[in-house]
Amino acid sequence: MPLAKRIIPCLDVKDGRVVKGTHFVNLRDAGDPVELGKRYSEDGADELVFLDITASSDRRNIIKDLVRNVASEINIPFTVGGGIRSIEDTREILLNGADKISLNTAAVENPKIITEISDTFGRQCVVIAIDAKRNYSPAEDKRITQTDLGPCWFEVYTYGGRRATGIDALKWADKVAELGAGELLVTSMDRDGTKIGYDIPLTRAISEKVKIPVIASGGAGELEHFLEAFNIGLADAALAASVFHYGNYPVPVVKKYLKENNVDVRL
């Protein structure tokens, strides 16, 4: 039987507080990570993602004490990312309560770290975050996808969306799956914080490309957007922040809507 679809709130953390912006900028406060994590766990979220969004750009390690404090208040799978660069970093985060770690910048700059962590802690522990942005410039070596605004390719960004890499997101997804990633967290930078819906062409293209689970991220604003991510985008899970942080659609409301529309979710 197919696995139930998952609903995953995301805590983007900066200076010890949960923040949310649009297109990765114009950040505003959204609350305390420990309090929000506890609420989402009690609300029936399937998992929780914690991303220290400035750890890589500041070239520092993640705030392990805060990770531990959040982990102590929840009883659902917990993914932590930001500033993780090595086996030692991974071990420390796992010992502080995480179930999985998320890599983006470190994976792009040192792809072999994916295999090293996967071999050491298990493939199920490794989530590769892909922050992707549409690029409409011609590129013969890129996978061109037809979108609502015409043909484009999706470019991978690192350092919290600050640095373009020139890497094709679809080819990168395929590569990291081969290297040992257990799951992909695919965030559309074009849709982030806009509440206009997930980037379905991006989500579907990657979901069709790889054989590991794909988490759709970026753009959720209405209940219908979650349904589209699963039914059209073929995602295995849907991650959101704003709609949960600001009370637009609590987790139980999202799940009830999906269940009523024949999506298999855990209630």
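These numbers were taken from a predicted model, which means no experiment stands behind them.

Draft legend 1. Molecular detail of the layout of surface pockets. Within this model, the largest pocket holds a volume of roughly 650 Å³. Lining the largest pocket we find 42 residues, and of these Asp12, Phe24, Leu51, Ile53 and Asp131 sit closest to its centre. Tallying contributions element by element places strand E2 (residues 17–22) first for the lining of the largest pocket, with three residues. For the lining of the largest pocket, the per-class residue count stands at 17 nonpolar, 18 polar and seven charged.

Draft legend 2. Fine view of the packing of aromatic side chains. Taken as a whole and assessed by the stated rule, the structure comprises four aromatic pairs. Relative to Phe78, the ring of Phe50 has its centre 6.2 Å away and its plane inclined at 90°; by these criteria the two rings are edge-to-face. Placement of Phe50 in strand E4 (residues 48–52) and of Phe78 in strand E5 (residues 78–81) is noted, with a sequence separation of 28 residues between them. The buried category is assigned to Phe50, whose relative accessible area is 1%. Here the aromatic cluster, defined as three or more aromatic residues joined through ring pairs, consists of Tyr40, Tyr198, Phe226 and Phe244.

Draft legend 3. Highlighting the state of the cysteines. If you walk through the whole model with that rule in mind, you get zero disulfides. No disulfide involves Cys10; its sulfur sits 17 Å from that of Cys125, the nearest cysteine. Looking at Cys10, the relative accessible area reads 3%, which means it is buried.

Draft legend 4. Summary view of the side chain of Arg191. Relative to the assigned elements, Arg191 resides in the loop between strand E11 (183–188) and helix H7 (200–209). Setting aside anything within four residues of it in sequence, one finds Arg191 in contact with His23, Arg134, Asp148, Ile196, Gly197, Tyr198, Asp199, Gly218 and Gly219.

Draft legend 5. Quick look at the nonpolar core. One finds Ile128, Leu184, Phe226 and Leu258 to be the most contacted residues of the largest nonpolar core, which totals 72 residues. The dominant element in this core, judged by the number of residues it contributes, is helix H6 (residues 169–179), at six residues. Not counting residues within four places of it along the chain, the set of residues in contact with Leu184 comprises Ile128, Ile130, Ala173, Val176, Ile206, Val210, Ile212, Pro213, Val214 and Ile215. In terms of nonpolar packing, the next biggest core, distinct from the first, is built from ten residues, Cys10, Val49, Ile215 and Ala237 among them.

Draft legend 6. Quick look at the pattern of salt bridges. Following the criterion strictly, the structure yields 17 salt bridges and no others. In this structure, the salt-bridge partner of Glu183 is Arg6, at a minimum N-O distance of 2.5 Å. Remark: Arg6 occurs in strand E1 (residues 6–14) and Glu183 occurs in strand E11; sequence separation between them is 177 residues. Side by side, Glu183 and Arg6 carry an identical accessibility label, which is buried. Through salt bridges with shared partners, a single ionic network connects Arg6, Glu47, Lys100 and Glu183.

Draft legend 7. Representation of the pairing of strand E3 (residues 25–31) in the model. The pairing of E2 with E3 spans four bridges and is antiparallel. Residue pairing in the sheet places Thr22 in a bridge with Val25 of E3. Between E2 and E3, which pair antiparallel in sequence order, lie two residues; one of them, His23, sits at a positive phi of approximately 55°.

Draft legend 8. Region of the structure containing the packing of helix H3 (residues 87–95) against helix H5 (residues 112–121). Between H3 and H5, whose axes approach to 10 Å, the crossing angle comes to 45°. With respect to H5, the axis of H3 lies oblique. For the element pair H3 and H5, the recorded crossing hand is right-handed. Contacts between H3 and H5 involve Ile87, Thr90, Arg91 and Leu94 on the former and, on the latter, Ile113, Glu116, Ile117, Thr120 and Phe121. Of the residues assigned to the contact of H3 with H5, the class counts are five nonpolar, two polar and two charged.

Draft legend 9. Main features of helix H1 (residues 33–43). Along H1, the residues that are buried comprise Pro33, Val34, Leu36, Gly37, Tyr40 and Ser41. Axial view of H1: buried residues confined to an arc of 165°, hence all on one face. Seen from the open side of H1, the exposed residues pointing more than 90 degrees away from its buried face are Glu35 and Glu42. Looking at the buried side of H1, the elements it contacts are E1, E2, E3, E4, helix H2 (64–71) and helix H9 (242–245). For H1, the capping residue at the N-terminal end is Asp32, with a side-chain oxygen 3.1 Å from the backbone nitrogen of Val34. A positive phi of about 100° marks Gly44, the residue just after H1.

How each quantity is defined
Residues numbered from 1 in each chain as written. Predicted model: local features only at pLDDT ≥ 70, side-chain atom pairs only at ≥ 80, totals over all residues. Heavy atoms only, no water. 1 Å grid on protein atoms, 1.4 Å probe; cavity = no way out; pocket = protein on both sides within 12 Å on 5 of 7 lines; lining within 4 Å. Points joined across faces, edges and corners; volume = space filled by probe spheres on them. Helix = DSSP H or I, 4+ residues; strand = E, 2+ residues; numbered from the N terminus. Nonpolar A, V, L, I, M, F, W, Y, C, P; charged D, E, K, R; others polar. Phe/Tyr/Trp six-rings, centres within 6.5 Å; stacked < 30°, edge-to-face > 60°. Buried < 20%, exposed > 50% of the residue type's maximum accessible area, 1.4 Å probe, protein only. Disulfide = S-S within 2.5 Å. Contact = heavy atoms within 4.5 Å. Core = buried A, V, L, I, M, F, W, Y, C linked by side-chain atoms within 4.5 Å. Salt bridge = Lys/Arg side-chain N within 4 Å of Asp/Glu carboxyl O. Pairing = 2+ DSSP bridges. Axes fitted to C-alpha atoms, helices over the stretch in contact; angles between N-to-C directions. Parallel < 35°, antiparallel > 145°, perpendicular 65-115°, else oblique. Left-handed = near helix turned anticlockwise from the far one by under 90°. Arc of directions from axis to C-beta. Polar contact = N/O pair within 3.5 Å; in protein donor to acceptor, adjacent residues only side chain to side chain.

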